[in-house]
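# Secondary and tertiary structure notes
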Amino acid sequence: AGELTFIANAGLLSRPVDTSNYRKEMPTQLFAHNAMTKETKSEDLFDLFGGTGVGGRLADVLTAKGVPTNTFSIDGQQVLLTGVQGGGGPSPVVLSRDGLPAFNQYPELPHMNQVILNLNNVTSPDSGFFAETWSHGLADSLSKQAILKDAIDAATIKSNVTAEDLNNKFLRELIMCTRIMQTRETRGSKRDICYVSEGGFDMHSNVLEALMNKFTSVNFALGKFVQEVKALGLWTNVTVVQFSEFGRTLDPNSGDGVDHAWGGNHFVFGGSIDGGKVRGLYPHDFVQSSTNPIALSRGRLIPTTPWDASLAGVAEWFGADKGSEMEKVLPMHSNFDSSVIFDEAELYKSEGTVEAPASITSDAGQVPELTVSADVSVQNDEGELSHLEVASDVDNDSKLLGIATKEASSLFH
């Protein structure tokens, strides 16, 4: 209670648009999974930082300020975590929901890993710069991979999450993020971004039953995740931001399903969030007409709140300053009036009102339940749960930002 906020009618926007100009002002293929997914992760419709993602640019900014930052994906390579090439930011680490595999698990030669290192440690007077750079990078990567694997393998679950609970694949991704959190001191990291995702929301038929089953599964995973974060003592240091590439039509199709739309309702939660509120403008008229500036056909609504609105406050909380740093992280945010952008002071509790996390043991029944089932259930997202951002302050200098979606990421410091 009081730690989750809804963002009403939010979505990907380059600037404020209405029915008269949205096609001209939105340089992407609206209502298409691939285009909207990519652009949602990039948050840079005019390609000022082409090929990068909002999480990667945030990591670039923090690294440039001397804040050690790491990025992780539990769902393959993601543009969301890609920074500017040569910008000095971290390279994303890709894991599975079960962790990191050992390098070269089935060597063809005895002591093959050492042979590889020895071959790449040979320097002669005519060694080329490219070869030296490659060899150094390989050796460094193998060393870091081994350290991270050992640290993740040593991390344990602190709450009452059971082996049976972990049959929920989304929960396994979220728990992997909490295991990564436990390695922050080993890695010397102050900020981390962890991306997870949950698909299966593209419900073109039988939406009512399918959506209820999906919400039940997602809500269970989020509840167990929050229990684990609280057991780690990180709850007030974590922010979770959820979003998807687009919402769904309010008018069903002939198969009792819903089709691709645009604006949707999303949520942000965490121990430091000033919650219990609906931010943004919830539509009062859903019918397409000459007097409705945001309604398209079949209950498709043009967003009135951009992704930038919530991401700006999260990025500021995470350590990005307003001005040039925010312009890099969110190059479109200045296209919107400041009244629709939620800065840190708007989105988060004041420092004196954040409650310290209670002591939590691993005994079942002593870990409070997450009470967001109703919140999750009214989400009107596209077919996949999108970015879930979790931010945490471990020592007032360490934070976690998590994003969960069809692809999701988390940042922690």
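This text gives an overview of the structure that appears in the document. Model, not experiment: these values are computed from the prediction.

## Topic: the side chain of Asn9
Inspection of the secondary structure assignment puts Asn9 in strand β1 (residues 4-11). Assessed through its relative accessible area of 2%, Asn9 is described here as buried. Not counting residues up to four positions away in its chain, the partners in contact with Asn9 are Gly263, Gly264, Asn265, Leu281, Pro283, Ile294, Leu301, Ile302, Pro303, Thr304 and Thr305.

## Observations concerning the nonpolar core
Most often, soluble globular proteins keep nonpolar side chains buried together rather than apart. Leu58, Trp262 and Val329 are the most contacted members of the largest nonpolar core, which totals 48 residues. Going through the elements one at a time, β1, α3 (54-64), β4 (191-197), α9 (307-318) and α10 (324-329) are the ones with two or more residues in this core. Looking at this core, the element that brings in the most residues is α9, giving eight residues. Ranked by size, the runner-up nonpolar core spans 38 residues in total, among them Leu100, Ile152, Val229 and Val238.

## Some details on the state of the cysteines
As enumerated under the stated definition, the model contains one disulfide in all. Linked covalently through their sulfurs, Cys177 and Cys194 form a disulfide whose S-S length is 2.1 Å. Of note, the bridge from Cys177 to Cys194 carries an S-S torsion of about -75° and is left-handed in sense. Within this pair, whereas Cys177 is found in helix α6 (residues 169-181), its partner Cys194 is found in strand β4, the two being separated by 17 residues in sequence.

## Observations regarding helix α5 (residues 129-154)
Taking 1.5 Å per residue, 26 residues should reach 38 Å; α5 reaches 38 Å between its end C-alpha atoms and fits that length. Every buried residue belonging to α5 is among Ser135, Leu142, Leu148, Lys149, Ala151 and Ile152, and all of these are buried.

## Some thoughts on the pattern of salt bridges
A complete count under the given rule lists 19 salt bridges for this structure. Note that Glu346 and Arg279 form a salt bridge whose closest N and O atoms lie 2.9 Å from each other. Placement of the pair is Glu346 in helix α11 (residues 344-347) and Arg279 in strand β7 (residues 277-279), with a sequence separation of 67 residues. According to the relative accessible area criterion, Glu346 is partly exposed, its value standing at 35%. Judged by its relative accessible area of 4%, Arg279 falls in the buried class.

## Observations regarding unusual backbone geometry
One non-glycine residue, Phe31, adopts positive backbone phi at about 70°. For Phe31, the location among the structural elements is in the loop between α1 (22-25) and α2 (33-42). A positive phi angle is found at Arg298, which is not glycine, with a value near 60°. Judged by relative accessible area, Arg298 falls into the partly exposed class, the value being 27%.

## Topic: the environment of Asn121
Tracing the backbone through its elements, the reader meets Asn121 in the loop between α4 (112-119) and α5. Note on Asn121: relative accessible area 62%, which makes it exposed. Taking the C-alpha atoms as reference points, Asn121 and Glu132, separated by eleven residues in sequence, lie 8.7 Å from one another.

## Describing helix α8 (residues 207-231)
A rise of 1.5 Å per residue sets the reference length of α8, with its 25 residues, at 36 Å; its end C-alpha atoms lie 35 Å apart and thus fit the reference within 8%. Where α8 terminates, the next one or two residues include Gly233, which has phi positive at roughly 75°.

## Thoughts on the pairing of strand β6 (residues 264-270)
Burial within β6 is extensive, with seven of its seven residues counted as buried. Of the two faces of β6, the one holding Gly264, His266, Val268 and Gly270 and the one holding Asn265, Phe267 and Phe269 are both buried throughout. Pairing analysis gives five bridges linking β1 to β6, with the strands arranged antiparallel. Within β6, the position partnered with Phe6 by the bridge is Phe267.

## Thoughts on the pairing of β4
Of all the seven residues making up β4, seven are buried; the element is thus mostly covered by neighbouring parts of the structure. The side-chain alternation of β4 yields two buried faces, one formed by Arg191, Ile193, Tyr195 and Ser197 and the other by Asp192, Cys194 and Val196. As paired elements, strand β2 (residues 69-73) and β4 share five bridges and run parallel to each other. Each residue of the ladder has a partner; that of Thr71, found in β4, is Ile193.

## Comments concerning a nonpolar patch on the surface
Together, Leu250, Tyr282 and Phe286 make up an exposed nonpolar region whose accessible area comes to about 310 Å². Along the chain, Phe286 falls in the loop between β7 and β8 (305-306). We classify Phe286 as partly exposed; its relative accessible area is 33%.

About the cut-offs
Residues numbered from 1 in each chain as written. Predicted model: local features only at pLDDT ≥ 70, side-chain atom pairs only at ≥ 80, totals over all residues. Heavy atoms only, no water. Helix = DSSP H or I, 4+ residues; strand = E, 2+ residues; numbered from the N terminus. Buried < 20%, exposed > 50% of the residue type's maximum accessible area, 1.4 Å probe, protein only. Contact = heavy atoms within 4.5 Å. Core = buried A, V, L, I, M, F, W, Y, C linked by side-chain atoms within 4.5 Å. Disulfide = S-S within 2.5 Å. Expected span 1.5 Å × (residues − 1). Salt bridge = Lys/Arg side-chain N within 4 Å of Asp/Glu carboxyl O. Pairing = 2+ DSSP bridges. Patch = residues over 30% accessible without salt bridge, like charges linked within 9 Å, V, L, I, M, F, W, Y side chains within 5 Å. Areas by Shrake-Rupley, 256 points an atom, 1.4 Å probe, with all protein chains shown as cover.

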